[in-house]
Amino acid sequence: LVDSMDRNDTKLPHLFSVWPRVASRLHRAKHILLFLDFDGTLVGFKPRPEDVMLPAPARIVLARLARHSRLKVFLISGRRRADLRRRARVPGVGYIGLHGWERNGRRSLSVESRKSLRAVRSILAGALEKLPGVWIEDKKPVFVVHYRRALAADARKAVAITLRRVDSRRNDLYSVRGNRVVDVLPLEIEGKGQAVLDLVSDQPRGTLVIYAGDDTTDETAFAALAGRGITILVGPRRKTQARFRLRNPQELISFLQKLQQGLASGIVTAGRAP
Ligand SMILES: [Mg+2]
């Protein structure tokens, strides 16, 4: 399963190549908080993001994990929370949408942010219209420029135009490059890293945090958990703040199954008996 390159790589080891070490950390943890990104992490990419659904094996193992008393599971995504929930349909897990913005409780954006988002979106709608395969997804309030179906030259143009327009409103907006997308966000949406820190701060001491993600937007979470969590980059090797790696969503699901079996059999128990 693990090739020699992975075994020799001490900088970003394959999670399964260091499993005994990881299992012992899981064994010692009293509580575990598990954060999972959705697209590219739990599910593969489809040309149309609206075609993506969580496969049954992932749904089954997540539902089992969510029932475990010492473990909390959160799905965290750039998608809207309602959309994420509909595509995952796992009972008992927490859903966090719009890069951490949509959690429990309502928050609203400043008037300036809303204006800037509207203005840039409408300018881009005109400017990107001529580029085949480039389209804007309006997630209200944020929006995403998609170029998965565009030719390389058109994709480059779309990214350059988007970044320039966002930069012209940098007092209100910023952009994050993802997997063949550029997310355009107001500054109030601080990203996944801050969301994770907020949720972790509510947890009892001795909580072990696991975070798995594939994308640039997950790097803020990897960084926020540096030195304390089990952070997992899903996908091809690249520069990352994550500590471990898995190759694809299938391997992530295997990890979840290992974790679930470990918890169920007591091999990975959650702390000492009282
Ligand atoms: Mg992702």
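Residues numbered from 1 in each chain as written. Predicted model: local features only at pLDDT ≥ 70, side-chain atom pairs only at ≥ 80, totals over all residues. Heavy atoms only, no water.

Peer 1: Any chance you could explain helix α4 (residues 81-88) here in plain terms?
Peer 2: Listed as buried for α4 are R81, D83, L84, R87 and A88. On an axial view of α4, the arc spanned by its buried residues comes to 160°, and they lie on one face. R89 occupies a position one or two residues after α4 and carries a positive phi of about 50°. (Buried < 20%, exposed > 50% of the residue type's maximum accessible area, 1.4 Å probe, protein only. Helix = DSSP H or I, 4+ residues; strand = E, 2+ residues; numbered from the N terminus. Arc of directions from axis to C-beta.)

Peer 1: Help me out: how do you make sense of the packing of aromatic side chains in this one?
Peer 2: To describe a pair of aromatic rings, you give the distance between the ring centres and the angle between the ring planes. The tally for this structure, following the rule as stated, stands at five aromatic pairs. Considering the side-chain rings of F35 and F74, the 5.3 Å spacing of their centres and the 15° angle between planes classify their relative orientation as stacked. Linking F35 in strand β1 (residues 31-37) with F74 in strand β2 (residues 71-76), this pair joins segments that are 39 residues apart in sequence. Exposure class is identical for F35 and F74. Each is buried. One aromatic cluster is present, built from ring pairs that chain together F35, F74, Y211 and F222. Note that K258 overlies the ring of F16, its terminal NZ or CZ placed 4.9 Å from the centroid. Here K258 stacks its cationic end above the ring of W19, 4.9 Å away from the centre of that ring. (Phe/Tyr/Trp six-rings, centres within 6.5 Å; stacked < 30°, edge-to-face > 60°. Lys NZ or Arg CZ within 6 Å of the ring centre and 35° of its normal.)

Peer 1: Please clarify how the coordination of the magnesium ion should be interpreted in this entry.
Peer 2: As a benchmark, a tetrahedral metal site with four donors has ideal angles of 109.5 degrees, while an octahedral site with six donors has ideal angles of 90 or 180 degrees. Surrounding the magnesium ion are the protein donor atoms D37 (OD), D39 (O) and D214 (OD), at 2.1 to 2.2 Å. Each donor residue of the magnesium ion lies on one chain, and together they are spaced D-x1-D-x174-D. Taking relative accessible area as the criterion, D37 reaches 4% and is therefore assigned buried. For D39, a relative accessible area of 16% translates into the label buried. (Donors = N, O, S within 2.8 Å, 3.2 Å for Na, K, Ca; no water.)

Peer 1: What is the right way to look at the layout of surface pockets in this model?
Peer 2: Over the atoms rolls a probe the size of a water molecule, and in doing so it shows where empty space is left. In this structure, the largest pocket occupies an estimated 320 Å³ of space. Residue lining of the largest pocket: 14 residues in total, with R80, W101, E102, R106 and R107 positioned closest to the centre. Across the lining of the largest pocket, the residue classes break down as five nonpolar, two polar and seven charged. For the second largest pocket, the calculated volume is near 200 Å³. Around the second largest pocket sit G40, F45, G178, N179, D214, D215, T216, V234, G235, P236, R237 and R238, which together line it. Here the residues of the lining of the second largest pocket are counted per class, giving three nonpolar, five polar and four charged. (1 Å grid on protein atoms, 1.4 Å probe; cavity = no way out; pocket = protein on both sides within 12 Å on 5 of 7 lines; lining within 4 Å. Points joined across faces, edges and corners; volume = space filled by probe spheres on them. Nonpolar A, V, L, I, M, F, W, Y, C, P; charged D, E, K, R; others polar.)

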